[in-house]
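Given next are the chains, with one letter for each unit.
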Amino acid sequence: MFRRSGGQCVATFAYDEVRVLRKVAAEVVGLLTDGMDHTDPVVDRLFPDIYPDRPEDSQEFRLYTEGDLKTAKIDQAGAILAALPDEGEGEVRLDGEAAEAWLRAINDARLAMGTRLEIQADTDLADELDEAVLEDPGSSRVFQLSVYAYLGYLQESLLNALPEIK
């Protein structure tokens, strides 16, 4: 997927990959701009309490930091949208700063999807996907698990390309 070319991380995306990445990035932006609900487990995962045993202190900390953090997360997802081809397949070239924004945005997307899919640290993704396919190969869970796995692969390839360009 991503490879180093000069001082950039470069990848060529197929039409379907572009569509999926655009949808995932747009969903993260939507989640963060459509009136964040702190009772939503995904929002809680993306903006965890800094002081879990002291809710008042966490609320005060959130008051001073959440706006900037939310803006940064939206900008990072926007970096994916800006770099992808408008339509169809195409090549993406990222400098170090853009690559790091992509990594943070992919991480946010994986955290959100992992929360919705109830993925835990000890979840064997291959087993989870196999089980979902056996239950219903055309289910939305199979698709979502596949996207989650793809994002992990994309993130790993970008991480492997990034250190060489710094």
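Look up a bit, the structure's there.
A brief report on the enclosed structure follows. This one's a predicted model, so the numbers in the text were calculated from it and none came from an experiment. Each chain has its residues counted from 1, following the order in which its sequence is written. Predicted model: local features are reported for residues with pLDDT of at least 70 only, side-chain atom pairs are reported and counted for 80 or more only, and whole-chain, interface and lining totals are derived from all residues. Calculation of side-chain values draws on the structure's entire complement of heavy atoms; hydrogens and water are dropped beforehand.

Topologically, Y148 is positioned in helix 6 (residues 140-161). Considering only alpha carbons, one finds Y148 and G114, 34 residues apart in sequence, at a separation of 7.4 Å. Those residues in contact with Y148 that lie beyond four places of it in its chain are R110, M113, G114, L117, I119 and L125. Only DSSP runs of H or I reaching four residues or more are called helices, and only runs of E reaching two or more are called strands; each is numbered from the N terminus. Here, residues are in contact when the closest pair of their heavy atoms is within 4.5 Å.

Okay, the packing of aromatic side chains next. Aromatic contacts are taken between Phe, Tyr and Trp rings whose centres are within 6.5 Å, Trp giving its six-membered ring; a plane angle under 30 degrees counts as stacked, one over 60 as edge-to-face, and the others as tilted. What the rule picks out here adds up to four aromatic pairs. Aromatic side chains F2 and F13 sit 5.9 Å apart centroid to centroid with 75° between the ring planes, which places their arrangement in the edge-to-face category. Linking F2 in the segment before strand 1 (3-5) with F13 in strand 2 (residues 8-13), this pair joins segments that are 11 residues apart in sequence. Neither F2 nor F13 differs from the other in exposure class; each is buried. Their ring planes at 85° and their centres at 5.8 Å tell us that F2 and W102 sit as a pair that is edge-to-face. Note that F2 is positioned in the segment before strand 1 and W102 in helix 4 (residues 96-116), a separation of 100 residues in sequence. Each residue gets one of three labels from its accessible area relative to the maximum for its type: buried under 20%, exposed over 50%, partly exposed in between, using a 1.4 Å probe on protein chains only.

As a further point, take the sheet that holds strand 2. An order of 1-2-3 is seen for the three strands of this open sheet, with the pairing classed as antiparallel. Where the open sheet ends on each side, the last strands, each with one partner, are strand 1 and strand 3 (90-94). Taken over all neighbouring pairs, the strand axes of this sheet differ in orientation by 35° on average, direction set aside. When DSSP locates at least two bridges between a pair of strands, those strands are taken to pair. Looking at chain direction, strand 2 and strand 3 are connected through five bridges and run antiparallel. Interaxial angle, 0 to 180 degrees, is taken between N-to-C directions of lines fitted to C-alpha atoms, where a helix line uses only the stretch in contact.

Moving on to the packing of helix 3 (residues 55-83) against helix 4. At a minimum axis separation of 8 Å, helix 3 and helix 4 run at an interaxial angle of 110°. Taken together, helix 3 and helix 4 sit at an angle that is classed as roughly perpendicular. Residues K73, Q76, A77, A79, I80 and A83 of helix 3 lie in contact with helix 4, whose contacting residues are A101, W102, R104, A105, I106 and D108. We call Asp, Glu, Lys and Arg charged. Ala, Val, Leu, Ile, Met, Phe, Trp, Tyr, Cys and Pro are nonpolar, and the rest, Gly among them, are polar. Its residues assigned to classes, the contact of helix 3 with helix 4 comprises eight nonpolar, one polar and three charged. The cut-offs work like this: below 35 degrees is roughly parallel, past 145 is roughly antiparallel, 65 to 115 is roughly perpendicular, and the gaps in between are oblique.

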